[in-house]
Amino acid sequence: MRHQQVLDKLAARGHVRALDEELARWVGGQMLLPGLSHEELAHRVIPPVLARWRCLLDSEEVRPATKDVVRVALATLLHKYGFQDAAVTAQAVAAVDALNRAVVLSDAFERRSEDIKQLLGTPPAPLSRRPASARSLTFLRVGDVLSIELDGAFHAAYVWQVTGLNEAPVIEFYCGTFTRPPALADLAGREAARPGGRARFLVDGLTYLPDPAHQVRAVAAAHGQGPRGGEPGPAQGLYTMTDILTLQRHIGELRAQ
């Protein structure tokens, strides 16, 4: 059985497409690093992906069936790109059974369930070349206010700019963290997380809103005021170029200051 046959049977085009695009971009970028063994590459690829998509899998707002579909998609796409995680695979196998018990997907999915499990259990073949990536695209707009979750904490950010032809947003973080997605009133008059533009990031792969991974949420749109005091000064860069998965490391650094 082929990976695409599994993905087609999940009836979750949006989640599958977003996860596939994300993995292709992330794996391709990590493969540019010289001298990495496949095991080292796996250690770089898998944890950030799991940290981001855990926002959906741990959410009480997401239906169990959607979580199970994403578990199967995650294991299948990791396998497609040459990686395997024992816990992810075990959760995907259990999710196949749960989807069948709840009669969520088609008869074709149920008939091929054992084939799906067998595919996920086989050692994946490492890629011999970088995967093709979709062009950069974002549906965010200037003035959007975002809540971004990481490890159960919520961080607020403001969209100052969208580069190119709707290619990538430039966001700036507000100072502080929240135990729930912040409301706009929580951000009134709030300072930037760092002065001098050091909390501003151009984020490749920050594409969809609503975010299929449930990590990024809309707080407000067309808001006229961003964080205070974050304007870059002379000889300071306008922003740091990054991507949606590396952004998690930047958030951790902001939180640790």
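Conventions adopted
- Residues numbered from 1 in each chain as written.
- Predicted model: local features only at pLDDT ≥ 70, side-chain atom pairs only at ≥ 80, totals over all residues.
- Heavy atoms only, no water.
- Helix = DSSP H or I, 4+ residues; strand = E, 2+ residues; numbered from the N terminus.
- Buried < 20%, exposed > 50% of the residue type's maximum accessible area, 1.4 Å probe, protein only.
- Expected span 1.5 Å × (residues − 1).
- Bend = angle between axes of the 7 residues up to and from the residue.
- Contact = heavy atoms within 4.5 Å.
- 1 Å grid on protein atoms, 1.4 Å probe; cavity = no way out; pocket = protein on both sides within 12 Å on 5 of 7 lines; lining within 4 Å.
- Points joined across faces, edges and corners; volume = space filled by probe spheres on them.
- Arc of directions from axis to C-beta.
- Polar contact = N/O pair within 3.5 Å; in protein donor to acceptor, adjacent residues only side chain to side chain.
- Salt bridge = Lys/Arg side-chain N within 4 Å of Asp/Glu carboxyl O.

Engineer: Help me understand unusual backbone geometry in this model?
Structural biologist: In terms of backbone geometry, most residues other than glycine have negative phi values and most peptide bonds are trans. Of note, the amide linkage connecting Leu-209 to Pro-210 takes the cis form, showing an omega dihedral of 10°. Within the secondary structure, Pro-210 is located in the loop between strand E4 (200-204) and strand E5 (216-220). Phi at Val-103 takes a positive value of approximately 50°, unusual for a residue other than glycine. With respect to the element layout, Val-103 can be found in the loop between helix H5 (86-101) and helix H6 (107-111). Of note, Asp-151 is a non-glycine position whose phi angle comes to about 55°, a positive value. With respect to the helices and strands, the residue Asp-151 is situated in the loop between strand E1 (145-150) and strand E2 (153-163). Relative accessible area serves as the criterion here: at 59%, Asp-151 is assigned to the exposed category.

Engineer: Which parts of the structure should I look at to understand helix H3 (residues 38-57)?
Structural biologist: Within an α-helix, residues lying three or four positions from one another point in the same direction, as the helix has 3.6 residues per turn. The terminal C-alpha atoms of H3, which comprises 20 residues, lie 27 Å apart, in line with the 28 Å expected from a rise of 1.5 Å per residue. At Ala-51, H3 shows its largest bend, some 30°.

Engineer: For this particular structure, what's the right way to read the side chain of Asp-20?
Structural biologist: Along the chain, Asp-20 falls in helix H2 (residues 13-30). For Asp-20, a relative accessible area of 16% gives the class buried. Excluding residues within four positions of it along the chain, Asp-20 makes contact with Leu-77, Lys-80 and Tyr-81.

Engineer: Can you walk me through empty space enclosed by the protein in this structure?
Structural biologist: With a probe scaled to a water molecule rolled over the atoms, the places where space remains empty come into view. Within the structure shown, the criterion is met by four cavities of 30 Å³ or more. Of the pockets and cavities examined, the largest cavity occupies roughly 100 Å³. Lining the largest cavity are Ala-18, Glu-21, Glu-22, Arg-25, Arg-52, Gly-205, Leu-206, Thr-207, Tyr-208, Asp-211, Pro-212 and Ile-244. In terms of residue count, H2 provides more of the lining of the largest cavity than any other element does, four residues in total.

Engineer: Even after reading the chapter, I still don't get H5, so can you show me in this structure?
Structural biologist: Its 16 residues place the ends of H5 23 Å apart at the C-alpha level, agreeing with the 22 Å of an ideal helix rising 1.5 Å per residue. Among the residues of H5, Val-88, Thr-89, Ala-92, Ala-95, Val-96, Leu-99 and Asn-100 are the ones counted as buried. When H5 is viewed along its axis, its buried side chains cluster within an angular range of 130° and face the same direction. For H5, the exposed residues set more than 90 degrees away from the buried face come down to Ala-86 and Arg-101. Buried positions along H5 lie against H3, helix H4 (64-80), H6 and helix H7 (113-121). Where H5 begins, the capping side chain belongs to Asp-85, and its oxygen is found 3.1 Å from the backbone nitrogen of Ala-87. Immediately downstream of H5, the backbone of Val-103 shows phi near 50°, a positive value.

Engineer: So what exactly am I meant to see when it comes to the pattern of salt bridges here?
Structural biologist: Opposite charge on two side chains makes pairing possible when the charged atoms of those side chains draw close. Counted according to the given criterion, the structure contains 14 salt bridges. For Arg-25, the salt bridge identified is with Asp-204, shortest N-O distance 3.7 Å. Pair noted here: Arg-25 is in helix H2 and Asp-204 is in strand E4, with a separation of 179 residues, a long-range link. If you follow the salt bridges from partner to partner, you end up with Glu-22, Arg-52 and Asp-211 in one network.

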